[in-house]
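Fold and geometry: a report
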Amino acid sequence: MAGPRHVAIIMDGNGRWAKRRHLPRVAGHRQGMEAVRRTIRAAGEIGLEAVTLYAFSSENWRRPADEISDLMGLLRLYLQREIDELDRNGVRLRLIGDYRRFAPDLVQQLEAACVRTASNSGLTVALALNYGGQDEVVRAARRLAEAAKAGTLDPAAIDIDLFEECLDTAGLPPLDLMIRTSGESRLSNFLLWQAAYAELLFVDTLWPDFDRAALEDALAVFGKRERRFGGR
Ligand code: FPP
């Protein structure tokens, strides 16, 4: 079977990785950032078209303020440190989620990275930031409702394709594989619409330990799955 075009990852287990080593949670997130670097490099070399990473969920605001600020700091650091290499490797950066609620300087840094890499033609990396699947669907519905109210859209014209064009993931390849690390078997509000026919894979590896071999293992499992998309 052909390999996946688009892989999404719920990067879970940073906290447990740190706890096992008697380190502060931020140390787990820092190693999580290293796993992001490794995974993006490997995904590009393997030839995936798109990787979507759950970096900050719309529910993560419930975490203590210092952990939120650690995560924002790591995101800034990641962009500063990695943008040159990402660009050199032909990565196109995209954002999904309501990321404009982040601090203005971070929003600017994120958007600048997207603009800089927009014409690259290698791997697309979509960072999910302040992302929630239900929120994404609601925002899409609101856009359609506003167009209908303004008289520019006939409600009868709303179909699956049009709805998808209003989602944050518009233009990305269909989601083939969703991986969640660290042993939990939940979607946690990630890509709910897009996961309709995706293969789901829950692995025990903690995110900071994820690497090229773990990605290749996941792709091998995907290769053995039989996908029927409702047919038989
Ligand atoms: C889950 O681990 C992970 C997150 C909430 C954030 C993901 C962030 C990173 C991988 C680092 C920065 C990302 C980028 C793109 C630079 P958890 O804290 O929920 O782990 P636990 O369940 O073991 O406590």
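What counts, and where the lines are drawn
- Residues numbered from 1 in each chain as written.
- Predicted model: local features only at pLDDT ≥ 70, side-chain atom pairs only at ≥ 80, totals over all residues.
- Heavy atoms only, no water.
- Core = buried A, V, L, I, M, F, W, Y, C linked by side-chain atoms within 4.5 Å.
- Buried < 20%, exposed > 50% of the residue type's maximum accessible area, 1.4 Å probe, protein only.
- Helix = DSSP H or I, 4+ residues; strand = E, 2+ residues; numbered from the N terminus.
- 1 Å grid on protein atoms, 1.4 Å probe; cavity = no way out; pocket = protein on both sides within 12 Å on 5 of 7 lines; lining within 4 Å.
- Points joined across faces, edges and corners; volume = space filled by probe spheres on them.
- Nonpolar A, V, L, I, M, F, W, Y, C, P; charged D, E, K, R; others polar.
- Axes fitted to C-alpha atoms, helices over the stretch in contact; angles between N-to-C directions.
- Parallel < 35°, antiparallel > 145°, perpendicular 65-115°, else oblique.
- Left-handed = near helix turned anticlockwise from the far one by under 90°.
- Contact = heavy atoms within 4.5 Å.
- Pairing = 2+ DSSP bridges.
- Patch = residues over 30% accessible without salt bridge, like charges linked within 9 Å, V, L, I, M, F, W, Y side chains within 5 Å.
- Areas by Shrake-Rupley, 256 points an atom, 1.4 Å probe, with all protein chains shown as cover.
- Salt bridge = Lys/Arg side-chain N within 4 Å of Asp/Glu carboxyl O.
- Lys, Arg positive; Asp, Glu negative; His and termini not counted.
- Charge placed at Lys NZ, Arg CZ, Asp CG, Glu CD.
- Phe/Tyr/Trp six-rings, centres within 6.5 Å; stacked < 30°, edge-to-face > 60°.

1. Describing the nonpolar core
It is characteristic of soluble globular proteins that their nonpolar side chains tend to be buried jointly. In this structure, Ile-40, Phe-102, Leu-110, Leu-129 and Ile-179 are the most contacted members of the largest nonpolar core, which totals 47 residues. Counting residues per element, this core draws most heavily on helix 3 (residues 65-88), at 9 residues. Core analysis: the next-biggest nonpolar cluster, separate from the first, contains 15 residues, Ala-8, Ile-10, Ala-128 and Tyr-131 among them.

2. What to know about the layout of surface pockets
If a probe the size of a water molecule is rolled over the atoms, the empty space left behind becomes visible. Quantified by volume, the largest pocket comes out at close to 680 Å³. As for the largest pocket, its lining consists of 32 residues, of which Met-11, Asn-14, Tyr-54, Ala-55 and Asn-60 are closest to the centre. The set of elements that each furnish at least two residues to the lining of the largest pocket consists of helix 1 (14-20), helix 2 (25-46), strand 2 (50-57), helix 3 and strand 4 (124-131). Grouping the constituent residues of the lining of the largest pocket by class yields 17 nonpolar, 8 polar and 7 charged.

3. Some details on the packing of helix 2 against helix 3
To describe two helices that pack against each other, one gives the angle between their axes and the distance between the axes. As a packed pair, helix 2 and helix 3 sit with axes 10 Å apart at the nearest point and diverge in direction by 30 degrees. Between helix 2 and helix 3, the angle is such that the two are roughly parallel. The handedness of the crossing between helix 2 and helix 3 is right-handed. Seen from helix 2, the contacting residues are Arg-25, Val-26, His-29, Arg-30, Met-33, Glu-34, Val-36, Arg-37, Ile-40 and Arg-41; seen from helix 3, they are Glu-67, Asp-70, Leu-71, Leu-74, Leu-77, Tyr-78, Arg-81, Glu-82, Glu-85 and Leu-86.

4. Topic: the sheet that holds strand 4
Taken together, 6 strands build an open sheet; the order of strands is 3-4-2-1-5-6 and the sheet is parallel. Edge positions in the sheet fall to strand 3 (92-96) and strand 6 (199-202), since each of these pairs with one other strand and no more. The average undirected angle you get between the axes of adjacent strands in this sheet is 20 degrees. For strand 2 and strand 4, the ladder comprises 7 bridges, and the chain directions are parallel.

5. Topic: a negative patch on the surface
Together, Asp-159, Asp-161, Glu-164 and Glu-165 give the surface a local cluster of negative charge. Take Asp-159: it is sitting in the loop between helix 5 (133-149) and helix 6 (160-165).

6. Regarding the packing of aromatic side chains
Enumeration over the complete set of coordinates arrives at 9 aromatic pairs. Relative to Phe-102, the ring of Phe-56 lies with its centre 5.6 Å away and its plane at 90 degrees, an arrangement referred to as edge-to-face. Of this pair, Phe-56 sits in strand 2 while Phe-102 sits in the loop between strand 3 and helix 4 (104-117), and the two are 46 residues apart along the sequence. By relative accessible area, which is 5% here, Phe-102 ends up buried. Ring pairs connect the aromatic residues Tyr-54, Tyr-131 and Phe-190, which therefore count as one cluster.

7. Let's talk about the pattern of salt bridges
A full pass over the atoms with the stated rule returns 25 salt bridges. One salt bridge in this structure joins Asp-105 and Arg-76, with 2.9 Å as the shortest N-O distance. In this pair, Asp-105 is assigned in helix 4 and Arg-76 in helix 3, connecting sequence segments 29 residues apart. A relative accessible area of 22% means that Arg-76 is categorised as partly exposed.

8. Points about unusual backbone geometry
A positive phi angle is found at His-22, which is not glycine, with a value near 55 degrees. Structurally, His-22 is set in the loop between helix 1 and helix 2. Take His-22: its relative accessible area is 75%, and that puts it in the exposed class. At Asn-130, a position not held by glycine, the phi torsion is positive, near 50 degrees. Mapped onto the fold, Asn-130 is located in strand 4. Taking relative accessible area as the criterion, Asn-130 reaches 6% and is therefore assigned buried.

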